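# Coordinates in review
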Amino acid sequence: MRVAILGCGAMGTVMGAYLTQNGCPVDMVDNYQAHVDALNETGAHIVGMVDKRVPVRAMTPEQMEGIYDLVFLFTKQTANNQVLPALLPHLGEHSTVCTLQNGVPEPYVARHVGAGRTVGGTVLWGATFLSPGVSELTQNISKNNHLFEIGEVDGSVGPRIRQVAEVLGKMGRPAKVTDQLMASRWGKLINNTCMSGMSAVCGATFGGVLGNPTARACLSYLGREVKQCCEAAGYKLPLLLNEQLPDSLDLADHTMYDANQTMFQVMYQDMHAAKASMLQDLEKGKQTEVTMINGFVCQTGAQHGIPTPFNDKVVEIVTKIEAGELPLSMENLRLFPREWFSYPV
């Protein structure tokens, strides 16, 4: 089986190293030439929760040859217009593209490579890109029951998705196969919109977000908007990572309001040092995926008549940071009007 990881930033580098080390050699494809060179010359160096260096095979997209059986898509959604057409010559009739991108990318990916080739999933661990050839694993993955939750868009469970799960299992933990992929995607969107969104807004690590009362309060309101839009789209938001945590994001009383902030604190208790990929992009002066993440919630809300002021504000702030009109600063929290909050912050 020929396997490629297309987009080897922080997450792709870590995954490529683990898969290769555990007996599933992959082609690690990235357009950052210095990173490709470092991977080939000195291997993938994974630091943080581990310290390992794994010899790998890396290349630029232009160096890809032949047909791949399985391609894991780890590029930013902002690059899809360029990446997906270029991938088509390397896909056969029975090839599979598994998108592990943030947001809800499956419908867009399917339009380009074909619904019959598209599966998807969510990533349940974190990493940060440090320098060419070096990525930091920011979460102790040995504590996770599952590192991925994957599925078919139509909810079927057959040999193809089980084969994808087998490959992802080379990370060291079994991948969970779900028959509710789109609901799972909405569940992960809670993480993307809330923690990643606020990390980008504040210019802070996850620990910095959780340590600020106003930023922490925003998590609850952002999450409530995602829940409302998820249900309007016809899906039920799954329990998040720990079935003992509350799945309700009803902020009608202070008890539930506090519970939802506690939920995020528990979920991210081992990830205080992590930075959202959107923040990493802002620090590098790159365009973020905010319109595909928080903006996706805003678009869904508009379709169903659901107000999404907190997600709207995240899109506004991050877009202004991209344009150089706002700094990367906790001071951006003042742009959330205090009358939006049910309780003092």
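The rules we used
- Residues numbered from 1 in each chain as written.
- Predicted model: local features only at pLDDT ≥ 70, side-chain atom pairs only at ≥ 80, totals over all residues.
- Heavy atoms only, no water.
- Helix = DSSP H or I, 4+ residues; strand = E, 2+ residues; numbered from the N terminus.
- Rg over C-alpha atoms; globule rule 2.2 N^0.38 Å.
- Buried < 20%, exposed > 50% of the residue type's maximum accessible area, 1.4 Å probe, protein only.
- Salt bridge = Lys/Arg side-chain N within 4 Å of Asp/Glu carboxyl O.

We now examine the overall build of the protein chain. Of the regular secondary structure elements, the protein chain holds twelve helices and twelve strands. For 345 residues, the compact-globule estimate of 2.2 N^0.38 gives 20 Å, and the protein chain sits close to it at 19 Å. Projected onto the principal axes, the alpha-carbon positions of the protein chain cover approximately 60 × 40 × 35 Å. Residue burial in the protein chain is summarised as follows: out of 345 residues, 57% are buried.

What follows covers the pattern of salt bridges. As enumerated under the stated definition, the model contains ten salt bridges in all. Residue Asp27 pairs with Arg2 through a salt bridge whose shortest N-O separation is 3.5 Å. You can see Asp27 sitting in strand β2 (residues 27-29) and its partner Arg2 sitting in the segment before β1 (3-6), a full 25 residues away along the chain. Among the residues examined, Asp27 registers a relative accessible area of 8% and is labelled buried. A residue is classified by how much of its surface remains accessible, and Arg2, at 31% relative accessible area, is partly exposed. For the salt bridge of Lys313 with Glu316, the shortest nitrogen-to-oxygen distance reads 3.2 Å. Highlighted residues: Lys313 and Glu316, both in helix α12 (residues 309-322), separated by three residues, approximately one helical turn. Judged by relative accessible area, Lys313 falls into the buried class, the value being 13%. Overall, the relative accessible area of 32% leaves Glu316 in the partly exposed class. Connected through shared salt-bridge partners, Arg2, Asp27 and Arg57 make up one network.

From the geometry alone we can't say anything about function, so treat these as descriptive.
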